[in-house]
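# Architecture and fold: a report
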Amino acid sequence: GRERRGGGEGGRGRERERQGGREREREIQVMPSLESCAQLYYPSGSYFVPDAHAIFDLPCLKLVVSKVLGYGIVAGSAMVKLPQVAKIARAGNVDGLSSSSIALELTATIASFSYFAPLGYAFSTWGENLFLLVQNVLIYALHSHYTSGLGPSFALGAAAYTAFGSVLFFRLLPSLDVPQAVCSGVGLSRCRVTCADVAGSLPILLSLGSRLPQIMQNMRQGHTGQLALATYLLTTLGGCARIFTTMQEIDDPLTLAQALLNFLQNAALLLQIVLFGSAARPAKQAMDSKNL
């Protein structure tokens, strides 16, 4: 009896997989490729003679806009954190910056890069994670330099981050089979949790935790310290564009959830910088006047 039930469940599972495969095939057929759009835009084969009417074909137009935005995000991410780095270097301190936010954001960036890099997605859909990782490492090093120094504790932290990223990148965590009752209770589509699932979920949880301490600290202190307006303006605009590109090019709920959370939290920090950013300067001026 158990064997028959097991065989029935296996048959239903295989049928669901086949149905999912057919649905994905239909989606792929509907989704245009760059090659097909190029043929539509330039039917004569000459890039100097486009078809003016075809340019407004909606599926291809959305794909082209998504690609342009995607590469724009990647290009912008190469310098999006540099204003923050420059502001810390000019000030010679990290006043107002949350150490837990810096550590958690670096951890989230490592996990995000380790999730995307092995998957084979188009670089335009995730490439900013590479540049953000490099810049977050630099901010982490600056924070350590101006607080505890680049000593043994910094070296130990760097080694821990490297080991963490290697485990996720090379998918070294074993898969975990979740009991069927738990799967049904929480609505999971499958009962096996892989290392890739962990790598994809961690940035969502960590990005939520990484910015909330900074947001709360800003509210307590009434200013945003050394947070750079340009950095959070660019990350907010880039986050909005990334939501669009993710919805157009990737059928990945984890990626979409991560993009939404990053956008909302960066927008909150940008609003705080606009509202509270000048609060630290009058306080400093008042302190200087009192000292005089």
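Scope of this entry: the structure provided in the associated data block.

## Description of helix α11 (residues 253-276)
- Across its 24 residues, α11 extends 34 Å between first and last C-alpha, which sits within 8% of the 34 Å expected from 1.5 Å per residue.
- What α11 keeps buried is the set Thr 255, Gln 258, Ala 259, Asn 262, Gln 265, Asn 266, Leu 269, Leu 270, Gln 272 and Ile 273.
- Summarising the contacts, the buried residues of α11 are in contact with α5 (99-116), α6 (128-146), α9 (195-221) and α10 (229-249).
- The distance from a side-chain oxygen at the start of α11 to the backbone nitrogen of Leu 254 is 3.1 Å, and the residue carrying that oxygen is Asp 252.

## Overview of the environment of Ala 91
- Relative to the elements of secondary structure, Ala 91 occurs in helix α4 (residues 82-91).
- Sequence separation of Ala 91 and Gln 226 is 135 residues, and the distance between their C-alpha atoms is 7.9 Å.

## Side note on the environment of Leu 150
- Inspection of the secondary structure assignment puts Leu 150 in the loop between α6 and α7 (152-169).
- Overall, Leu 150 belongs to the exposed group, its relative accessible area being 52%.
- When near neighbours in sequence (up to four residues on either side) are disregarded, Leu 150 contacts Ala 141, Ser 144 and His 145.

## Considering the packing of helix α3 (residues 58-77) against α10
- At their nearest, the axes of α3 and α10 sit 9 Å apart, and the two run at 135° to each other. It follows that α3 is oblique to α10 by the angle criterion. Where α3 crosses over α10, the two elements pack in a sense that is left-handed. Along its contact with α3, which presents Lys 62, Leu 63, Val 65, Ser 66, Lys 67, Leu 69, Gly 70, Ile 73 and Val 74, the element α10 presents Gly 238, Ala 241, Arg 242, Phe 244, Thr 245, Gln 248 and Glu 249.

## Describing the packing of α7 against α9
- Direction vectors running N to C along α7 and α9 enclose 130°, while the axes themselves pass 9 Å from each other. In this view, α7 runs oblique relative to α9, as classed from their interaxial angle. From α7, Phe 164, Val 167 and Leu 168 reach across to α9, where they touch Cys 195, Val 198, Ala 199 and Leu 202.
- When grouped by side-chain class, the residues that make up the contact of α7 with α9 number seven nonpolar, no polar and no charged.

## Overview of the pattern of salt bridges
- Evaluated as defined, the whole model comprises six salt bridges.
- With a closest N to O distance of 2.9 Å, Glu 249 and Lys 67 form a salt bridge. Placement of the pair is Glu 249 in helix α10 and Lys 67 in helix α3, with a sequence separation of 182 residues.
- Using a relative accessible area of 22% as the deciding quantity, one classes Glu 249 as partly exposed.
- One salt bridge in this structure joins Arg 192 and Asp 177, with 2.8 Å as the shortest N-O distance. Residue Arg 192 is found in strand β2 (residues 192-193), and its partner Asp 177 is found in strand β1 (residues 176-177); the two are separated by 15 residues along the sequence.
- Each of Lys 81, Glu 105 and Arg 211 takes part in salt bridges that share partners, so that together they form one network.

Procedures and definitions
- Within each chain, residues carry numbers counting from 1 in the order of the written sequence.
- Since the coordinates come from a predicted model, pLDDT governs what is reported: local features require at least 70, and pairs of side-chain atoms require 80 or more to be given and counted, while whole-chain, interface and lining totals use all residues.
- The basis for every side-chain value is the complete set of non-hydrogen atoms in the structure, without hydrogens or water.
- Here a helix means four or more residues in a row that DSSP labels H or I, a strand means two or more in a row labelled E, and each is numbered from the N terminus.
- Residue count minus one, scaled by 1.5 Å, sets the expected span of a helix.
- Three labels apply to residues, based on accessible area from a 1.4 Å probe with only protein chains included: buried if under 20% of the type maximum, exposed if over 50%, partly exposed otherwise in between.
- Only heavy atoms enter the contact rule, under which two residues are in contact if any of them lie within 4.5 Å.
- Each polar contact in these results corresponds to two N or O atoms within 3.5 Å; when the atoms are within protein, one needs to be able to donate a hydrogen and the other to accept it, and residues that are neighboring in sequence are counted only if both atoms are side-chain atoms.
- Helix axes are fitted only over the stretch in contact, all axes being lines through C-alpha atoms; the angle between N-to-C directions runs from 0 to 180 degrees.
- For classification purposes, an angle smaller than 35 degrees is called roughly parallel, one larger than 145 roughly antiparallel, one from 65 to 115 roughly perpendicular, and anything else oblique.
- Note: crossing handedness is left-handed where the near helix turns anticlockwise from the far helix by less than a right angle, and right-handed where it turns clockwise.
- Classes in brief: Ala, Val, Leu, Ile, Met, Phe, Trp, Tyr, Cys and Pro nonpolar; Asp, Glu, Lys and Arg charged; the others, Gly included, polar.
- Only one rule defines a salt bridge in this text: a Lys or Arg side-chain nitrogen within 4 Å of an Asp or Glu carboxyl oxygen.

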